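# Summary of the model geometry
Chain by chain, the residues:
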2 protein chains.
Amino acid sequence: MEYIIRPIGIIHSPFTNASQTPIQSSGSEAIGQIEIHSEYVDGLQDLEGFSHIHVLYVFHCSSGCSMKVKPFLDDQLRGLFATRHPCRPNPIGLSVVRLIRRRKNILEVAGVDMLDDTPLLDIKPYVPDFDSRANVRSGWYATRSIQRLRR
Amino acid sequence: MEYIIRPIGIIHSPFTNASQTPIQSSGSEAIGQIEIHSEYVDGLQDLEGFSHIHVLYVFHCSSGCSMKVKPFLDDQLRGLFATRHPCRPNPIGLSVVRLIRRRKNILEVAGVDMLDDTPLLDIKPYVPDFDSRANVRSGWYATRSIQRLRR
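Analysis parameters
- Residues numbered from 1 in each chain as written.
- Chains lettered and ligands numbered in written order.
- Predicted model: local features only at pLDDT ≥ 70, side-chain atom pairs only at ≥ 80, totals over all residues.
- Heavy atoms only, no water.
- Contact = heavy atoms within 4.5 Å.
- Buried area = accessible area lost by both parts, 1.4 Å probe.
- Salt bridge = Lys/Arg side-chain N within 4 Å of Asp/Glu carboxyl O.
- Polar contact = N/O pair within 3.5 Å; in protein donor to acceptor, adjacent residues only side chain to side chain.
- Buried < 20%, exposed > 50% of the residue type's maximum accessible area, 1.4 Å probe, protein only.
- Helix = DSSP H or I, 4+ residues; strand = E, 2+ residues; numbered from the N terminus.
- Pairing = 2+ DSSP bridges.
- Axes fitted to C-alpha atoms, helices over the stretch in contact; angles between N-to-C directions.

## What about the interface of chain A and chain B?
Taken together, the contact pairs 71 residues of chain A with 71 residues of chain B. In terms of surface lost to chain B, no three residues of chain A exceed Tyr3(A), Phe81(A) and Phe130(A), which account for 13% of the buried area on that side. Put simply, chain A and chain B have eight salt bridges between them. A salt bridge links Arg6(A) to Glu2(B); the shortest N-O distance between them is 3.2 Å. At the boundary of chain A with chain B, the tally comes to 45 residue pairs in polar contact (both at pLDDT 80 or more).

This is the structure in structure tokens:
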């Protein structure tokens, strides 16, 4: 079984190669523009009420995947699904960004961690009641200094 | 441009039709099993250190999409991307569930809100530093009683 997905827009960011790119959106204040193809613009109504949005996108510069990877934040091999590594069986990325404003089909957002020209797959509102959890254990990430994100 | 995605496993849940299914995982204590195809089992190493995981999956019972939808929690039309409605241009679902335990290629999880036999696309660890945000505005959701989720 397979499914076909088609981008609904494109993400413009200041990052043109992976080595410049923040490791996660929470470590970034970078401004980007999410441009939605015109046939989807009506679906953006009401989005401005939300301060944060989930962005789903294609890791378009990734290729192949291995079940053991060395994350950017770590120095030993980890199971792929215990990491956010971009090389995955289905190369779908997920980030939470802050919505600054909308101008027609363009969303100006803060905290981008995607490469420039990243294909956009979906936008979902970030709703703490659905998306935020307390009393969380963060596995191997907890042993790594989050300061290393702040580049 | 289009991309092909292939399920990496299947999600077993108690819910066999949409009307029984919790609206979001945060409103559910339902137990489910995520079964990962054997070729991906090595990628699950280290996952047990995480109490919560993001699950990406296909809304396999959805078809078509409209740019204006009436969410389950609301009584007026909203822009699709300001909702979590399952009928989307790319029918990809996103939920946070609690990881109870792993047995080889089976993850037992709590808080499922997917239909039984949902195709699994990806698993990512839930890391509050990446995924949780404070000072959030929740748009039209904020005006709806979250109690309506608790069915």
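## A few points about the pattern of salt bridges
When charged atoms on two side chains of opposite charge get close, those side chains can pair. By the definition in use, this model includes 18 salt bridges over all chains. Its salt-bridge partner being Glu108(B), residue Arg103(B) comes within 3.9 Å of it at the nearest N-O pair. Residue Glu108(B) is classed as buried on the basis of its relative accessible area of 15%. One network of salt bridges, in which partners are shared, links Asp46(A), Asp74(B) and Arg78(B).

## Describing the side chain of Asp131(B)
Its place among the elements puts Asp131(B) in helix 1 (residues 128–131). Among residues more than four places away in sequence, those in contact with Asp131(B) are Arg84(A), Val96(A), Tyr126(A), Asp131(A), His54(B), Pro125(B) and Tyr126(B).

## Some points on the sheet that holds strand 2 (residues 9–12) of chain B
By definition, the strands of a sheet pair up through backbone hydrogen bonds, in either a parallel or an antiparallel sense. With respect to topology, six strands assemble into a closed barrel ordered 2-3-8-7-4-9 (chain B), the strand pairing being antiparallel. Each adjacent strand pair in this sheet contributes to an overall mean axis angle of 45°, direction not counted.

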